[in-house]
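Descriptive analysis of the structure
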Amino acid sequence: MAPKSLAAQVARDYRCVALVLQGGGALGAYQAGVVEALEEAQLRPDWIAGISIGALNAAIIAGNPPDRRVERLHAFWDAICQPATWPASSWLDASYWPLPLQSGLSGLAAWRALVEGQPGFFRPRVPPPFLQAHATPATASWYDTAPLRATLERLADFDRINDAREMRVSVGAVNVHSGNFAYFDNTKERLRPEHFMASGALPPGFPAVEIDGEFWWDGGVVSNTPLYAVLTERPQRDMLVFQVDLWSAQGELPRDLAGVAERSKEIQYSSRTRLTTEYMRENRRRQRLLKELMAIVPPERRDDPAYRRAEREARGALVNLIHLIYSDRPCEGHYRDYEFSAASMRSHWQGGIDDMRRSLMQPGWLDLPSPEQPFVTHDVHQA
């Protein structure tokens, strides 16, 4: 189907198109590729919700007009994926290297990021935290993220981000003092660079970010995807959701300590996406059952307060969830979320383009669900 036809179908059938972006550090370039493929099809979200690197991508997307979003995403990822001093990561461009050597070079690039930081993103804290005489919540970290603020201010227009008529924006973070998870949302408050930085402030690498006297950490500490918040919004609307995950809940049994580190990170940060979708499917099934039961209530009893409450509960919307999950490359290890080489970034990006294009080519995947099956999910990796 032609891009204009796809966009027209979606505009006709759905009241909202949401883009939901999981956290995952350097893997976030995959999400940028997804956005490029969506832009090719002229499918533009009305609501973007992100956690961690997903929140940073959200700032670039929402902070630019549609025709400049891909360009600005390229500028963002090109900036933060440059080596700070020496270009060892450029060797990874040689795809003819044997796999063991590619793995070694990938690990070297990750080590370089740990030692040197990434330009425009984070830099090693000097002096390091264990040598600080007067540490504060804003300095208790291995790295300083001040460069990220300058990058966001350069590449995103915050007046545009805060125009909720153009696009709703939600980013999640956790309050360090209370432990409560919260969403910063442009329909409720004015978003500033620190709101997005807070969503990506993963301890102990990155410092807590102060917002109006409270300190915040990366939302991935509690939940690495904002999917549940999007699916449970009130009032409900017929919605097409593109959920872009960077960690897969499924994986191989680890056979060594490196594998244990990798698998535990996958389980931790996959963050119950499948659990959320199963819960919402069951919730919609019960709403449908309640609606069918209400149909047999005699008309003279429908003014009863209990019937009115049931009527509100049964008013479920139709939801179509397109689920994309980044697939690891053979040379990647447990450090892949902080391996910021330019070659890996381009590989992640192209993977997002390819997966989104395949999703849009699947017959019927963008069709509005039926009332009999109000919540449907599609997964390109299972197609």
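Residues numbered from 1 in each chain as written. Predicted model: local features only at pLDDT ≥ 70, side-chain atom pairs only at ≥ 80, totals over all residues. Heavy atoms only, no water.

- You'll find the chain entered in an unreviewed UniProt entry as Patatin-like phospholipase family protein, with Rhodanobacter hydrolyticus given as the organism.

What to know about helix H3 (residues 53-62)
- Of all 10 residues in H3, 10 are buried; the element is thus mostly enclosed.
- Among all positions in H3, only Ile53, Gly54, Ala55, Leu56, Asn57, Ala58, Ala59, Ile60, Ile61 and Ala62 are buried. (Buried < 20%, exposed > 50% of the residue type's maximum accessible area, 1.4 Å probe, protein only. Helix = DSSP H or I, 4+ residues; strand = E, 2+ residues; numbered from the N terminus.)

A word on the environment of alanine 150
- On the secondary structure map, alanine 150 appears in helix H6 (residues 146-155).
- As for alanine 150 and isoleucine 48, which are separated by 102 residues in sequence, their C-alpha atoms are 22 Å apart.

Observations regarding the confidence of the model for the chain
- Scored by pLDDT, the chain comes out at a mean of 88, with 93% of its residues at no less than 70.
- In the predicted structure, residues 88-92 sits below a pLDDT of 50 and forms 15 contacts with residues beyond four places in sequence or in another chain. (pLDDT = per-residue confidence, 0-100. Contact = heavy atoms within 4.5 Å.)

With respect to the pattern of salt bridges
- All chains considered together, the criterion is met by 27 salt bridges.
- Across the salt bridge formed by arginine 286 and glutamate 282, the nearest N and O atoms sit 3.2 Å from each other. You can see arginine 286 and its partner glutamate 282 sitting in helix H11 (residues 273-294), four residues apart, about one turn around the helix.
- Residue arginine 301 is joined to aspartate 304 by a salt bridge in which the shortest nitrogen-to-oxygen separation is 3.9 Å.
- Judged by its relative accessible area of 29%, aspartate 304 falls in the partly exposed class.
- Each of Arg149, Glu153, Arg192, Glu194 and Asp212 takes part in one network of salt bridges that share partners. (Salt bridge = Lys/Arg side-chain N within 4 Å of Asp/Glu carboxyl O.)

Observations regarding the pairing of strand S10 (residues 319-325)
- Of all the seven residues making up S10, seven are buried; the element is thus mostly covered by neighbouring parts of the structure.
- Taking every second residue as pointing to the same face, both faces of S10 are buried, with Val319, Leu321, His323 and Ile325 on one and Asn320, Ile322 and Leu324 on the other.
- As defined by bridge partners, strand S9 (residues 239-245) adjoins S10 across seven bridges and the pair is classed as parallel. Within the sheet, the bridge partner assigned to leucine 240 lies in S10 and is asparagine 320. (Pairing = 2+ DSSP bridges.)

Remarks on the nonpolar core
- Of all hydrophobic cores here, the largest spans 74 residues; its most connected members are Trp77, Phe196 and Phe242.
- Of all the elements, H3 adds the most residues to this core, at eight residues.
- Core analysis: the second largest hydrophobic core is formed by 14 residues, Cys16, Ala49, Leu227 and Val230 among them. (Core = buried A, V, L, I, M, F, W, Y, C linked by side-chain atoms within 4.5 Å.)

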